[in-house]
Amino acid sequence: DLHSFPTRRSSDLRSIAFADRLTKPPATWGAPKTAERLAQQFARHLVVEEGETPANECIAMVITLALRSITLLIQNNMQNRDSVNQPGVSTMIVVLSNHSDDAVLLTAIFGTLRAALLRCETNKLCFKNAGGNELAMHVLKTHRRNRDCFLAGLELLCAATTQDDLRDRKSTRLNSS
């Protein structure tokens, strides 16, 4: 039952996004200490042998499961979708950039981003301002032969660019304030 699961925030994804990279999350994101500790514990359990890094498949599976969970939480709940905001969208774009060679994972990322952008102009602005359109186009060129990835990317771009003129005016007003 989906309702028996505790609510997750975008900070949960932030911790997982950096679990397989040497990159540290920016200090300004301020992920809760609990999420950081859980991510560190999880990363320690993924180490197969001493000094050996976890297999990319394990990381991809964990990220895919996290993305699927986020999608389920935000898909039909406007309050959860609105809570994604700049940190959540930016984190998913970092994951998109870091894993741009994995078409299956990209398909999951595209789907979650699409769910976050549907009927949420704030998230669309965050996506646009973080360079999401350009990155998605670059990834689409790379994976144009993978049908699922390509279609998910096109659906994301459609969701991201709906009502662009209205968003551009709103953005201009916010910048001039």
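Refer to the structure printed above.
Bear in mind that the values here come from a model prediction, so they are computed numbers and not experimental data.

### Examining the packing of helix α5 (residues 103–117) against helix α6 (residues 121–129)
So, point 1. Interhelical geometry of α5 versus α6 gives an angle of 130 degrees and a closest axis separation of 7 Å. When the axes of α5 and α6 are compared, the pair comes out oblique. Along the contact surface, α5 presents Leu-113, Ala-116 and Leu-117, while α6 presents Asn-123, Lys-124 and Phe-127.
So, point 2. Its residues placed into classes, the contact of α5 with α6 shows 4 nonpolar, 1 polar and 1 charged.

### Digging into the environment of His-143
So, point 1. For His-143, the position within the fold is in the loop between α7 (132–142) and α8 (147–161).
So, point 2. A relative accessible area of 11% places His-143 in the buried class.
So, point 3. Taking the C-alpha atoms as reference points, His-143 and Asp-102, separated by 41 residues in sequence, lie 9.0 Å from one another.
So, point 4. Excluding its chain neighbours within four sequence positions, the residues that come into contact with His-143 are Ser-100, Asp-101, Asp-102, Ala-103, Leu-106, Cys-149 and Phe-150.

Rules of the game
- Residues numbered from 1 in each chain as written.
- Predicted model: local features only at pLDDT ≥ 70, side-chain atom pairs only at ≥ 80, totals over all residues.
- Heavy atoms only, no water.
- Axes fitted to C-alpha atoms, helices over the stretch in contact; angles between N-to-C directions.
- Helix = DSSP H or I, 4+ residues; strand = E, 2+ residues; numbered from the N terminus.
- Parallel < 35°, antiparallel > 145°, perpendicular 65-115°, else oblique.
- Contact = heavy atoms within 4.5 Å.
- Nonpolar A, V, L, I, M, F, W, Y, C, P; charged D, E, K, R; others polar.
- Buried < 20%, exposed > 50% of the residue type's maximum accessible area, 1.4 Å probe, protein only.

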